[in-house]
Amino acid sequence: MVRIYHNNRCSKSRATLALLEEHGSKVEVINYLDTPPNASELAVLLKQLGMTPRELLRSDEADYQSLGLGDPALDDATLIAAMVAHPKLIERPIVVANGKAALGRPPEAVLAIL
């Protein structure tokens, strides 16, 4: 089973989902704006991705600016809490398969974990 944290309004997310389906993957789609990961789930995803919370933040979102998330003094727990409270700050799509995760930017990047 392959899981995708998906936003249907995002072209990269739609393309990644289509790519997974083309490769015959059975996909569990999580619309993460409606069902965001909690802090512990997000921490696991970050570990699987090999990324820091700051690397997974969408810095072009209005919430990023209004919450002052560009402040380098903010710790990981604060950034994770912000992403949980404001899930559109989470870069997308995230695909999880075989105990690993990959960011679908570009969509073909997820093929390495299948």
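Residues numbered from 1 in each chain as written. Predicted model: local features only at pLDDT ≥ 70, side-chain atom pairs only at ≥ 80, totals over all residues. Heavy atoms only, no water.

(A) Layout of the pairing of strand 3 (residues 94-97). Neither face of strand 3 is exposed, since Ile-94 and Val-96 on one face and Val-95 and Ala-97 on the opposite face are all buried. Relative to strand 3, strand 1 (residues 2-6) is paired through three bridges, and the arrangement is antiparallel. Bridge pairing links Arg-3 to Val-96 in strand 3. By the bridge criterion, four bridges tie strand 3 to strand 4 (residues 100-103) in an arrangement that is antiparallel. Bridge pairing links Ala-97 to Lys-100 in strand 4. (Buried < 20%, exposed > 50% of the residue type's maximum accessible area, 1.4 Å probe, protein only. Helix = DSSP H or I, 4+ residues; strand = E, 2+ residues; numbered from the N terminus. Pairing = 2+ DSSP bridges.)

(B) Structural context of the sheet that holds strand 2 (residues 27-31). The sheet built from four strands is open, its strands ordered 2-1-3-4 with mixed pairing. Single-partner strands in this sheet number two, and they are strand 2 and strand 4. With direction set aside, neighbouring strand axes in the sheet form an average angle of 20°. Here helix 1 (residues 11-22) sits on the sheet in contact with strand 1, strand 2 and strand 3, set at roughly 165° to strand 1. Along the sheet face, helix 2 (residues 39-49) touches strand 1, strand 3 and strand 4 and points at about 80° away from the line of strand 4. (Axes fitted to C-alpha atoms, helices over the stretch in contact; angles between N-to-C directions. Contact = heavy atoms within 4.5 Å.)

(C) Structural context of the pattern of salt bridges. Applying the stated rule across the entire model yields five salt bridges. Across the pair Glu-61 and Arg-58 runs a salt bridge, and its minimum N-O distance is 3.2 Å. By relative accessible area, which is 15% here, Glu-61 ends up buried. Here Glu-91 makes a salt bridge to Arg-58, at a shortest N to O gap of 2.8 Å. Pair noted here: Glu-91 is in the loop between helix 5 (76-85) and strand 3 and Arg-58 is in the loop between helix 3 (53-56) and helix 4 (62-66), with a separation of 33 residues, a long-range link. The buried category is assigned to Glu-91, whose relative accessible area is 15%. For Arg-58, a relative accessible area of 9% corresponds to the buried category. Sharing partners across several salt bridges, the network here consists of Arg-58, Asp-60, Glu-61, Glu-91 and Arg-105. (Salt bridge = Lys/Arg side-chain N within 4 Å of Asp/Glu carboxyl O.)

(D) Up close: the packing of helix 2 against helix 5. For the pair helix 2 and helix 5, the least separation of the axes is 9 Å and the interaxial angle reads 115°. Here helix 2 lies roughly perpendicular to helix 5, going by the angle between them. Crossing handedness for the pair helix 2 and helix 5: right-handed. For the pair helix 2 and helix 5, contact is made by Ala-39, Leu-42 and Leu-46 and by Ile-80, Met-83 and Val-84, respectively. (Parallel < 35°, antiparallel > 145°, perpendicular 65-115°, else oblique. Left-handed = near helix turned anticlockwise from the far one by under 90°.)

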